[in-house]
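Summary of structural features
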Amino acid sequence: MMFSKLNKKSAILVFTLGIAFVLTIFFDVLGHDATLNLANSTYTLLKSSSLFTNTILIALAFILGRALDLKGLKASKLIQFYVTLLCFSVPLIPVLFSIDVSTINGLPLLKSIFPFTVSEYWFTTIILLFVIVFYAWKIIKPIHLNIKTCTWSLLAIFVLIFIAAIFLSKYEHIIIILWASYAFILGSFLQQQQIDFATPKLVQVATFIVEIALIMLVFISPSNFILQLALPSWTIIFFVSQSIWLFDNDPHYQMLSMSMTTISIGFTLLFANPLSRQVLNRYVQQQNPNLLPNILRHLLVFSLIVLILAFIYSLIVSLGLALRSQEIKNKLFTLPVVIFLISSCYLIFNYSQFYGQGLKTLIWRQDGRLYLGLINLALVALLYVIIQTIFNRFWFANTTFVMLMIIWSYANFAKISARDEPIIGSDLGMIKSLPDIAKMVNLKMVFALIIALVVLIAGSFLLQHYFLKGKIYRLPVRILLFAGSCLILIGFAQTEKQLNLIAWKNQKPVNDNVFSTMLNTAGYQAHPESLQNAASKFGPATTFMGTLIIKTMEKPNNYSKKQIINITKKYTKASDKINKTRKNKSLNSQTIVYILSESYADPRMVPSVKLSKNPIPYEQKIAQKNTSGLMYSSGYGGGTANIEFEALTGLSMNNFDPSLITPYVFLVPKVSNLPVVTDYFKTKNAIHPYNGTTYNRSTVFKKFGFQHFYNFNGNKLTYTNRIGKSPYVSDDSSYRQLLKQLDSTKKGQFVQLSTMQNHMPYVPGTYAKNDYKATGQLTNSSLKKIESYSKGLNYTDQALKMLINKISKMKKHVTIVWYGDHLPGLYDGSIVSGSNAAKYDNRLHQTNYFIYSNFTHQKLQNTKVVSPNMFTPMVFQQTDTKVSPYVALLTEVYRHVPAAERNKFMNSNGNYIPKGKLSKQAKLILKDYKLIQYDITAGKQYSIKTKNFIK
């Protein structure tokens with residue numbers, strides 16, 4: 001490095017000036033943001049402090065001139081200096097792109113390779129320019145100038161710049177560049193000639209006092225005269241007068257000199273970059289003074305953290321380059337390469353989910369989420385550290401990381417293209433299926449990928465043999481970094497697992513650890529029902545971490561092949577017994593319809609809530625005449641997919657581990673041969689008047705055997721009318737779509753319909769002429785929403801009447817399982833908060849259901865309170881259809897085990913009962929049920945392999 005001529009004092013001074021430069025940048029950002037609502041005096045102080053940026057750069061230029069080793073100046077030194085500039089300009093760009101996607105543009109990246117083309121980099125540009133001029137002068141030696149001539153020339157130039165500053169004050173930028181250029185030339189001249197003026201102490205003190213006075217004037221009454229003329233010129237005079245004690249050459253501090261000058265140059269490159277300023281400005285603008293009472297302290301802490309990170313990076317790079325210049329082997333100087341590699345790979349990974357939509361969509365989805373961008377980048381960086389500590393070789397680690405990110409990015413793109421779902425944790429278990437997966441994607445792309453990986457591997461072996469050989473870390477550091485990175489990633493995964501569970505329960509997230517605080521502060525919101533939406537909005541890395549720690553079920557202690565075979569035999573006998581009295585051989589010849597009515601639940605079942613009139617008279621009339629009661633719902637305000645899953649499969653969410661928040665997402669894709677009610681039909685179709693990708697339905701329903709799935713992005717819907725200002729398809733249209741499907745064949749079929757009309761939000765004014773009035777111990781806002789919601793229920797009731805009237809006239813046998821999936825999340829007030837929240841918890845998890853058949857059928861027992869997993873055995877019983885051993889098991893569960901969700905049992909009166917109070921028969925059946933469910937979903941599937949157990 002060229003800047004090696006400083007002593008300890010001047011080296012510390014140049015570092016201090018670098019810090020001061022960064023602080024003025026932060027003060028400028030804070031001082032010009034009026035949205036922070038700071039005191040006027042604070043704004044004045046910040047703005048005044050930011051005015052010293054140019055003066056600091058002039059002082060830096062002088063000291064860098066004093067540090068320049070002109071005698072040792074070589075072409076190799078010039079190249080090293082340019083590489084140093086690149087170490088700070090190039091890696092910064094992809095990092096900023098990752099944090100603020102709105103900055104993504106090819107031009108800044110190109111300019112970072114040629115930093116002298118960036119106008120904001122004028123300081124480093126003039127340093128580079130004059131160093132090149134000095135080197136050329138040294139080589140060519142056009143004329144010889146003596147010291148006296150040089151001295152008078154420098155004095156003349158000083159006077160000329162002084163005069164220019166007076167008459168050309170409006171050209172502030174040019175004046176400052178002239179002062180900085182002069183300061184660097186003067187410093188270099190004094191260093192070259194070893195001139196240190198023996199200034200009397202009295203003069204030194206006097207110049208110091210004047211310098212302080214000028215600085216104070218900036219705070220009191222800043223003007224162009226002070227900022228462009230008096231302060232810059234006097235700062236140069238001040239440093240010249242202090243030369244005798246500041247710049248005595250000491251060869252023992254060459255390493256310190258090189259490191260401190262590199263750090264300061266690095267600071268100017270990192271924080272003068274226009275993208276850096278843009279990101280800092282955006283971050284400050286996003287802070288809400290109303291939410292942050294100590295906003296100035298918060299922003300100062302943020303500034304300090306950024307400064308510390310910049311210092312650590314600059315220190316590592318400067319030490320690495322300084323050691324390398326002295327031919328001391330080290331790998332510290334490779335940090336810029338690593339940072340560039342990590343951030344570039346993350347950008348590719350992030351873009352992989354928008355490949356078909358373009359950069360504009362990426363920016364639209366993630367714009368403004370700076371903190372989340374940083375968290376996503378940090379998670380990928382931790383993955384890199386783990387890989388690096390495993391291999392402990394530079395090229396092997398980098399190649400492995402790049403290979404992994406390329407494969408991950410392409411797999412992410414391919415999966416999103418095929419299923420509208422990103423790569424998740426459970427996909428890691430599908431590595432054994434890679435040959436089958438490869439057949440589903442572009443083979444040319446796969447071969448190109450393989451060739452690229454082979455080239456990378458071969459290149460890494462070659463490079464590792466000749467360049468940057470040896471280990472990266474010593475064993476203690478290696479262990480510490482590996483363990484620390486793993487623990488942080490595990491912490492994120494555990495926290496996101498909890499946030500998923502909180503989101504599923506429709507609860508508010510809490511900051512109970514550092515990870516949840518970071519994620520909540522960053523604006524992260526768990527969306528386990530739509531991972532593609534979450535990944536595109538909150539970043540692919542955070543979304544992936546939320547899918548890592550998913551457990552299907554706790555393995556029962558007595559699980560074994562023998563035990564499962566015994567259970568299958570037991571319920572084979574039970575099915576034989578049941579079938580002796582059943583007439584119909586199968587459901588296939590009948591028409592069975594499951595209707596999940598979105599957020600349907602009588603508001604009057606919520607304590608204290610009363611309505612001016614009954615919104616659902618027809619549904620209640622049908623319920624009285626048919627099998628009906630309350631359905632115990634696992635959700636409140638959400639959880640549709642889980643309830644639908646239970647109804648279709650007969651499996652209970654109550655048996656799963658709490659971390660398995662969405663079986664559609666985390667279980668169905670990785671498990672084959674799940675029992676589904678569609679197994680008993682040749683014709684089966686699904687209808688959902690919304691996006692089919694929500695809850696991964698498109699993939700799940702295909703796996704469940706549905707031949708057609710009518711939705712917004714699948715098979716086309718015929719009826720899509722909406723009511724009033726509602727954004728959702730009406731139930732009337734949904735039911736007409738269902739009737740069309742029923743008329744499509746004279747044979748038996750199964751149809752799954754999940755409606756959308758009564759989905760949140762419940763905005764007053766959605767429906768015209770709403771004459772429903774609500775009262776109760778709830779907030780006014782909540783009561784207004786209930787009134788709008790009740791009008792929606794009434795529209796559903798009218799549509800239901802139309803549907804039943806049509807079906808009642810059909811000659812073929814049709815049975816409808818009609819149920820609300822959960823209560824709407826609109827109840828807010830004293831009756832559902834505090835001690836009442838626990839008191840009435842059961843009431844907030846009870847919805848309406850009925851099972852209607854358009855033919856004479858037997859009346860069912862034990863129907864007052866059921867779980868959705870009981871619907872299928874109830875259908876078999878109501879239609880008098882013979883059962884398989886699996887349905888016989890579900891029948892026993894329905895007959896003897898109380899409704900169960902959320903690890904709570906509910907009796908026929910709708911009240912919770914402890915598990916210990918279950919009958920012996922119920923406990924035994926429940927034990928068998930859990931064993932079979934574990935075997936099917938997480939075990940060896942011995943029961944599935946048993947002939948005729950499911951069908």
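No experiment lies behind these values; they were computed from the predicted model shown. (Residues numbered from 1 in each chain as written. Predicted model: local features only at pLDDT ≥ 70, side-chain atom pairs only at ≥ 80, totals over all residues. Heavy atoms only, no water.)

Along the protein, the regular secondary structure elements total 37 helices and 13 strands. Based on the C-alpha atoms only, the size of the protein along its principal axes is roughly 120 × 65 × 50 Å. Counting all 951 residues of the protein, 55% fall into the buried class. In the protein, once contacts between residues fewer than 6 apart in sequence are set aside, the share between residues at least 24 apart is 78%. Per element, the accessible surface of the protein, about 42,400 Å² overall, is 62% carbon and sulfur. Positive and negative charge centroids in the protein, built from 95 and 42 side chains respectively, lie 7 Å apart. (Helix = DSSP H or I, 4+ residues; strand = E, 2+ residues; numbered from the N terminus. Buried < 20%, exposed > 50% of the residue type's maximum accessible area, 1.4 Å probe, protein only. Contact = heavy atoms within 4.5 Å. Areas by Shrake-Rupley, 256 points an atom, 1.4 Å probe, with all protein chains shown as cover. Lys, Arg positive; Asp, Glu negative; His and termini not counted. Charge placed at Lys NZ, Arg CZ, Asp CG, Glu CD.)

Counting residues in hydrophobic clusters, the biggest one holds 143 residues, and the most contacted among them are Phe3, Phe62, Ile127, Phe184, Phe271 and Phe401. With 78 residues, the next largest nonpolar core counts Leu531, Phe645, Met653 and Val676 among its residues. (Core = buried A, V, L, I, M, F, W, Y, C linked by side-chain atoms within 4.5 Å.)

Attention now goes to the UniProt feature "domain: Sulfatase N-terminal" (unreviewed entry) in the protein. Sites flagged by UniProt as "domain: Sulfatase N-terminal" (unreviewed entry) map to residues 590-880. Between the end C-alpha atoms of residues 590-880 the distance is 11 Å, and the span holds 29% helix and 16% strand. (UniProt positions renumbered as here; feature names shortened; annotations may be inferred.)

This part covers unusual backbone geometry. Residue proline 761 follows methionine 760 across a cis peptide bond; omega there is 5°. In this fold, proline 761 is placed in the loop between strand 6 (749-754) and strand 7 (774-775). The phi angle at asparagine 948 is positive, at roughly 65°, despite the residue not being glycine. Along the polypeptide, asparagine 948 turns up in the segment after helix 37 (942-945).

What follows concerns the environment of glutamine 752. Take glutamine 752: it is sitting in strand 6. Judged by relative accessible area, which is 0%, glutamine 752 ranks as buried. Between the C-alpha atoms of glutamine 752 and leucine 738, which are 14 residues apart in sequence, the distance is 9.0 Å. Not counting the four nearest positions on each side in its chain, glutamine 752 is found in contact with Tyr594, Leu596, Glu644, Leu648, Asn685, Ala686, Ile687, Phe701 and Phe706.

Moving on to the pairing of strand 1 (residues 591-597). Moving residue by residue along a regular strand, the side chains alternate between the two faces of the sheet. Across the seven residues that make up strand 1, a large majority, seven, are buried. The two faces of strand 1 match: Thr591, Val593, Ile595 and Ser597 on one face and Ile592, Tyr594 and Leu596 on the other face are all buried. Pairing of strand 1 with strand 6, which is carried by six bridges, proceeds in the parallel orientation. Paired with threonine 591 across the strands is glutamine 749, a residue of strand 6. (Pairing = 2+ DSSP bridges.)

Here the focus is the packing of helix 4 (residues 75-89) against helix 13 (residues 254-272). Contact pair helix 4 / helix 13: the axes reach a minimum separation of 9 Å and the direction vectors enclose 50°. Viewed along their axes, helix 4 and helix 13 adopt a mutual orientation that is oblique. Between helix 4 and helix 13 lies a crossing of right-handed hand. Within the contact between the two elements, helix 4 uses Phe81, Thr84, Leu85 and Phe88 and helix 13 uses Thr262, Ile265, Gly266, Leu269 and Leu270. (Axes fitted to C-alpha atoms, helices over the stretch in contact; angles between N-to-C directions. Parallel < 35°, antiparallel > 145°, perpendicular 65-115°, else oblique. Left-handed = near helix turned anticlockwise from the far one by under 90°.)

A word on the sheet that holds strand 10 (residues 865-866). One open sheet accounts for eight strands, arranged 5-4-6-1-8-9-3-10; its pairing is mixed. Whereas interior strands pair on both sides, the edge strands pair on one side only; in this sheet they are strand 5 (708-710) and strand 10. Inspection of the sheet shows strand 3 (residues 627-632) paired to strand 9 (residues 846-853) by six bridges, in the antiparallel sense. In the strand pairing of strand 9, threonine 627 is matched with isoleucine 851. Contacts from helix 32 (residues 780-808) reach strand 1, strand 8 (814-820) and strand 9, with the element oriented near 165° to strand 8.

Before going further, it helps to examine a positive patch on the surface. A cluster of basic side chains, namely Lys555, Lys561, Lys940 and Lys945, defines a positive patch on the protein surface. By secondary structure assignment, the location of lysine 561 is in helix 26 (residues 561-579). (Patch = residues over 30% accessible without salt bridge, like charges linked within 9 Å, V, L, I, M, F, W, Y side chains within 5 Å. Salt bridge = Lys/Arg side-chain N within 4 Å of Asp/Glu carboxyl O.)

Attention shifts here to the state of the cysteines. Disulfide: a covalent bond connecting the sulfur atoms of a pair of cysteines. On inspection of all chains with the given rule, the structure shows zero disulfides. Cysteine cysteine 345 remains unbridged, with the sulfur of cysteine 87 as its closest cysteine sulfur at 18 Å. (Disulfide = S-S within 2.5 Å.)

To continue, consider helix 14 (residues 274-285). Taking 1.5 Å of rise per residue, the twelve residues of helix 14 would be expected to cover 16 Å, and the 16 Å separating its terminal C-alpha atoms lies within 8% of that figure. Three or more residues of helix 14 are buried, namely Leu275, Ser276, Val279, Leu280, Tyr283 and Val284. As for helix 14, its buried residues are in contact with helix 1 (8-31), helix 5 (92-99), helix 6 (106-113), helix 13, helix 15 (295-325) and helix 18 (370-391). N-cap assignment for helix 14: the residue whose side-chain oxygen lies 2.7 Å from the backbone N of leucine 275 is asparagine 273. (Expected span 1.5 Å × (residues − 1). Polar contact = N/O pair within 3.5 Å; in protein donor to acceptor, adjacent residues only side chain to side chain.)

Ordered in space as 11-12-13, the three strands form an open sheet in which the pairing is antiparallel. Every other strand in the sheet has two partners, leaving strand 11 (899-901) and strand 13 (912-913) as the edge strands with one partner each. Of the strand pairs in this sheet, strand 11 and strand 12 (residues 904-906) are connected by three bridges, and their pairing is antiparallel. By the bridge assignment for strand 12, glutamate 901 is matched with lysine 904.

What follows is about the pattern of salt bridges. Evaluated as defined, the whole model comprises twelve salt bridges. The salt bridge involving aspartate 732 is made with arginine 736; its shortest N-O contact spans 2.8 Å. Of this pair, aspartate 732 and arginine 736 both sit in helix 31 (residues 731-742), four residues apart, which is roughly one turn of that helix. The exposure class assigned to aspartate 732 is partly exposed, which follows from its relative accessible area of 27%. Taken together, the shared-partner salt bridges in this structure form one network comprising Asp100, Arg282 and Asp367.

Within the structure shown, the criterion is met by 46 aromatic pairs. Between phenylalanine 88 and tyrosine 313 the ring centres are 5.8 Å apart and the planes differ by 90°, which places this aromatic pair in the edge-to-face class. Taken as a pair, phenylalanine 88 in helix 4 and tyrosine 313 in helix 15 lie far apart in primary sequence, 225 residues in all. On the basis of relative accessibility, which here comes to 1%, the residue phenylalanine 88 falls in the buried class. (Phe/Tyr/Trp six-rings, centres within 6.5 Å; stacked < 30°, edge-to-face > 60°.)

What follows deals with the side chain of glutamine 242. Its place among the elements puts glutamine 242 in the loop between helix 11 (224-241) and helix 12 (243-246). At a separation of 3.2 Å, a polar atom in the side chain of glutamine 242 contacts the side chain of threonine 207. Separated by 3.2 Å, the side chains of glutamine 242 and serine 241 make a polar contact. Sequence-distant contacts of glutamine 242, that is, excluding residues within four places in its chain, are made with Gln204 and Thr207.

Quick look at a nonpolar patch on the surface now. Together, Leu45, Val205, Phe208, Ile209, Ile212, Met216, Leu217, Phe219 and Ile220 make up an exposed nonpolar region whose accessible area comes to about 830 Å². The element best represented in the nonpolar patch is helix 10 (residues 201-220), accounting for eight residues. With respect to the helices, strands and loops of the structure, phenylalanine 208 is situated in helix 10.

Moving on to the confidence of the model for the protein. With 95% of its residues at a pLDDT of 70 or more, the protein shows a mean pLDDT of 88. When mean pLDDT is taken per element in the protein, strand 1 scores highest with 98 and helix 20 (residues 434-438) scores lowest with 49. (pLDDT = per-residue confidence, 0-100.)

Following both chains from N to C, one finds helix 5 and helix 18 inclined at 120°, their axes separated by 7 Å at the closest point. Taken together, the axis directions place helix 5 and helix 18 in an arrangement best described as oblique. Across from Val95, Ser98 and Ile99 in helix 5, the residues of helix 18 making contact are Leu370, Gly373, Leu374 and Leu377.

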